[in-house]
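Close look at the chain arrangement
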Amino acid sequence: MWNVKEKCGIAGVYGHPEAANLVYLCLYALQHRGQESAGIASTNGTEIHIEKEMGLVAEIFNEERLKKLKGEAAIGHNRYSTTGESSLKNAQPLVVNFKYGNLAIAHNGNLVNAHLLRRVLEEEGSIFQSTMDTEVIVHLIAKSKCKSFKDSLIDALKQIRGAFSMVLLREKELIGIRDPWGIRPLALGRLKDAYVIASETCAFDLIDAKYERDIKPGEIIKIDEKGVESWFPFDEQPLRHCIFEYIYFSRPDSIVFGKEVYNIRFRFGVQLAKENEIEADLVIPVPDSGIVAALGFSRESGIPFELGIIRNHYVGRTFIEPTESIRHFGVKIKLNPVKELIKGKRVIVIDDSIVRGTTSRKIVKMVRAAGAKEVHMKISSPPITHPCFYGIDTPTRRELIASSHTIEEIRKYITADSVQYLSLEGMIKATGYTLESHPFCLACFTGKYPLKFQ
Ligand code: AMP
Ligand code: SF4
């Protein structure tokens, strides 16, 4: 279900005659990380060319457009705006021409001190062309007193705080960067002699690249004709991988933070079943977000799994609701129950999360209208009580239903017979860690932000 703004997908290729085509395919595999705009920048060794547009990757890039993206290195970006308004000038990669030549940059994550830095920079005379956090980084590099690009980059990065997984393209090099907390993922792969960097490993699978390792938290990796060089210029920080990557954001066929997303999502469902006290006849997932956890739940509980709700995969942003009499299709545009399966049954519905509660409410009503005797909503993560400041545009605290409602009040609102969330402890256990010792950011569940917004 896509109704809250979120994250971005990034990719980079170095050392391949079809670099831009490969980046295009990577972005295609990463489309779930952002559908607002997409862009690719490539270098032919002397200059950088960029193509970007609002819309989906497959809509934006045709053969003609890809042909313009010459050269053996390229980077790309899928955006779903987190900060900054939604418009083409905020689409990435961001390309600049400055004292160090051409530079293209694609960023996944949000900075917590971008506002502060931007104000200072503006007071000092900097002129911004977009409302993106990423532009702050470029200004900091340009203004650095350091003598080389490398030192200026490090100088700039040391001033920013927050989530930043990035790929940078210069005329003759590709650079991958991950913040020292390791908030957002970024992986390194090989395709014969070429190097590939991507948000998720599912991008490597599509182009037959081999996943080598993650770019390490706090690592800057530079790839050029001499090979690969790594720098670790930051002070070491406690790891704070975004656990929501496992709950919802990443594709289940990716390896993220060194573990298979499918396995962990499945184990969330297993753990949810261990914590379950309800008897039921059927487990059905909210497609697609609840499928893997529901499979785990069914396997552990022995309650049969059925695809009791079918999703129309072709609903796009272009859908226009006709007005007047036949309006108000509501959730049925996207989802439709299989009535024969559901009729007369005690049904457990599983989704990954409740944000505002609107999706769950619609689904519970739909399943009940399809004839279910009981509808129990189960969520494979704990209640979201706090917004995210690190690259996921969850709504404000007030709009998050669990920030101001008890479980019983949520149950009433979504009109379910019962509601159960996965416990925080159970969630961490399912990842193979313990509550006392784990590498995760849990701020949207606990309010304990690893980095304060400035
Ligand atoms: P809501 O209707 O506001 O409660 O949203 C809950 C639905 O949104 C669930 O089906 C989730 O799978 C989905 N969801 C959770 N987080 C996000 C996000 N950041 N972006 C898009 N969808 C999300
Ligand atoms: Fe991820 Fe939640 Fe932390 Fe944001 S607050 S980085 S969504 S775990």
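Model, not experiment: these values are computed from the prediction. (Residues numbered from 1 in each chain as written. Chains lettered and ligands numbered in written order. Predicted model: local features only at pLDDT ≥ 70, side-chain atom pairs only at ≥ 80, totals over all residues. Heavy atoms only, no water.)

Surrounding ligand 2, one finds R184, C242, I243, F244, C388, Y390, I392, C441, A443 and C444. Residues that form the shell around ligand 2 fall into these classes: nine nonpolar, no polar and one charged. (Near = heavy atom within 4 Å. Nonpolar A, V, L, I, M, F, W, Y, C, P; charged D, E, K, R; others polar.)

Let's shift gears to the domain arrangement of the chain. Partitioning the chain into structural domains gives domain 1 (5–237) and domain 2 (264–316 + 326–446). Placing a centre on the C-alpha atoms of domain 1 and another on those of domain 2 gives a separation of 34 Å. (Domains from an automatic or database assignment.)

By secondary structure assignment, the location of R170 is in strand β7 (residues 165–170). Among the polar contacts made by the side chain of R170, one reaches the main-chain carbonyl oxygen of Y100 at a distance of 3.3 Å. Residues contacting R170, with those up to four places away along its chain left out, are T43, I48, Y100, N102, L103, F149 and I175. (Helix = DSSP H or I, 4+ residues; strand = E, 2+ residues; numbered from the N terminus. Polar contact = N/O pair within 3.5 Å; in protein donor to acceptor, adjacent residues only side chain to side chain. Contact = heavy atoms within 4.5 Å.)

Where helix α9 (residues 261–274) contacts helix α10 (residues 291–301), the axes come no closer than 7 Å and their chain directions differ by 45°. On the basis of the axis angle, α9 is oblique to α10. For the pair α9 and α10, the sense of crossing is right-handed. On α10, the residues that touch Y262, R265, F266, G269, V270, L272, A273 and K274 of α9 are V292, A293, L295, G296, F297, R299, E300 and S301. (Axes fitted to C-alpha atoms, helices over the stretch in contact; angles between N-to-C directions. Parallel < 35°, antiparallel > 145°, perpendicular 65-115°, else oblique. Left-handed = near helix turned anticlockwise from the far one by under 90°.)

Spatial ordering of the open sheet is given by β3-β2-β4-β1-β10-β9-β11, a layout of seven strands whose pairing is antiparallel. Either end of the sheet is taken by a strand with one partner, and the two such strands are β3 (48–54) and β11 (210–214). Here the average twist between neighbouring strands, direction ignored, is 15°. Pairing of strand β2 (residues 37–43) with β3 involves seven bridges; the strand directions are antiparallel. Note on β3: the bridge partner recorded for G39 is K52. This element, helix α1 (residues 19–29), spans β1 (8–14), β2, β4 (73–79), β9 (187–191) and β10 (194–198) of the sheet and lies at about 25° to β4. (Pairing = 2+ DSSP bridges.)

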